[in-house]
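Residue-level structure breakdown
What follows is each chain in one-letter form.
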Amino acid sequence: MATQIVNNAQKLAPVDKTFGNLPPAVVEVLEHESLTTTYPTGAVLFAEGQAARGVFIVRRGRVKLSICGSDGRTLILRMVETGCPLGVAAVVSGRQYEATAETQEPSEISFLRHSDLLRLMRRHGELALWVTQHISRDYASTCREIRDLILSDSASEKLARLMVGWLDQNAAARNPSQMKLALTHEEIGQMIGTSRETVSRLFAGFKKQHIIQQMGSTLVIPNRLALESLITA
């Protein structure tokens, strides 16, 4: 699949927060060592079981991380947004990629080779800490997803947990919240371990109970407490 190489010499806009709060000197080294590429929707960055050849850092766009079961079913682990590295744990441990990474929309991705990342981590403690923090967050996220799947007694509870996780937790619980629904019903089903038909049926039921409202791709939650009431554990 054709890709377009972006000239690394072109400076990114000052608002770019890909590397978080890393010192400018470390960011400059990363920019110099990495190769940035634009990918179309549906491009596979790496596949589950492949030898880890490096890390991919999302600069713009969205990437789906998924695993495939022996029965052919797909489970989406999470959607990765701008600023997150992919494949870090596999590279640091010297193991295979644990999941498949696929772009969900046109995306700009930086790639840093396995050997270059390890060399830079030894040289720059701030980078080593940044990588460790992302591995820790990924671990916590995976534990939370597994917990939600195991502790949920029904598909409706799993969907409610997923949607509550999308909401701004700082917003007042009784105030309406809204979000852009960027996933298909099939993808949502792959996130909670159920079928597309079940997700469509649940959405219809939630709308009938006035738990959610939908206007095109905009999903409105009139009252988060009503949605949270579906969660028993």
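None of these values were measured; they are calculated from a predicted model.

1. A closer look at the overall build of the protein chain
When helices and strands are tallied, the protein chain shows 8 helices and 12 strands. Within the span of the protein chain, comprising 233 residues, buried residues form 40% of the whole. At a minimum sequence separation of 6, the contacts of the protein chain that also span at least 24 residues come to 71%. Counting every atom, the protein chain has about 12,700 Å² of accessible surface; 53% of that belongs to carbon and sulfur.

2. Remarks on the packing of helix α6 (residues 185-192) against helix α7 (residues 196-208)
The N-to-C vectors of α6 and α7 enclose an angle of 105°; their axes lie 8 Å apart at closest approach. Judged by the angle between their axes, α6 and α7 are roughly perpendicular. Facing α6, whose interface residues are His 185, Glu 186, Ile 188, Gly 189 and Ile 192, α7 presents Arg 196, Val 199, Ser 200 and Phe 203. Along the lines of polarity and charge, the residues of the contact of α6 with α7 split into 4 nonpolar, 3 polar and 2 charged.

3. Focus: the sheet that holds strand β8 (residues 100-103)
Across the sheet, which stays open at both edges, the 4 strands sit in the order β3-β8-β5-β6 with antiparallel pairing between neighbours. The open sheet has two edge strands with one neighbour each: β3 (44-46) and β6 (74-80). Adjacent strand axes in the sheet meet at a mean angle of 30° when their direction is disregarded. Both strand β5 (residues 63-68) and β6 contribute to a ladder of 6 bridges, which runs antiparallel. Considered in β6, the bridge of Cys 68 is made with Thr 74. Of the strands in this sheet, β5 and β6 touch α6, which is tilted by about 100° from β6.

4. Observations concerning the sheet that holds strand β10 (residues 177-180)
Ordered by their spatial adjacency, 3 strands build an open sheet running β10-β12-β11, and the pairing between neighbours is antiparallel. At either end of the open sheet lies a strand with only one pairing partner, and these are β10 and β11 (213-215). Within the sheet, the average angular offset between the axes of one strand and its neighbour, ignoring direction, is 20°. Pairing of β11 with strand β12 (residues 218-221) involves 3 bridges; the strand directions are antiparallel.

5. Digging into the environment of Leu 35
Relative to the assigned elements, Leu 35 resides in strand β2 (residues 35-39). By relative accessible area, which is 41% here, Leu 35 ends up partly exposed. Each C-alpha atom of the pair Leu 35 and Phe 56 lies 9.6 Å from the other, and the pair is 21 residues apart in sequence.

Reading the values: rules and limits
- Position numbers for residues count from 1 along each chain, tracking the sequence in the order it is written.
- Two thresholds apply to this predicted model, a pLDDT of at least 70 for residue-level local features and 80 or more for giving and counting side-chain atom pairs, whereas whole-chain, interface and lining totals are computed over all residues.
- Just so you know, side-chain values use all the structure's heavy atoms and leave hydrogens and water out.
- Per the convention used, a helix needs a DSSP run of H or I reaching at least four residues, while a strand needs a run of E reaching at least two, with both numbered from the N terminus.
- Exposure categories follow from relative accessible area, calculated using a 1.4 Å probe and restricted to protein chains: below 20% of the type maximum is buried, above 50% is exposed, and the middle band is partly exposed.
- In what follows, a contact means two residues having at least one pair of non-hydrogen atoms within 4.5 Å.
- Accessible surface is estimated by sampling points in the Shrake-Rupley manner with a 1.4 Å probe; for residues, cover comes only from the protein chains shown.
- Axes, fitted as lines to C-alpha atoms, cover a helix only where it is in contact. Angles between the N-to-C directions of the axes lie from 0 to 180 degrees.
- Orientation categories follow fixed angle ranges, with anything under 35 degrees roughly parallel, anything over 145 roughly antiparallel, 65 to 115 roughly perpendicular, and all other angles oblique.
- For this scheme, ten residues count as nonpolar: Ala, Val, Leu, Ile, Met, Phe, Trp, Tyr, Cys and Pro. Four count as charged, namely Asp, Glu, Lys and Arg, and the remainder, Gly too, count as polar.
- A pair of strands counts as paired when DSSP detects no fewer than two bridges linking them.

As far as function goes, none of this settles anything; it's purely spatial.
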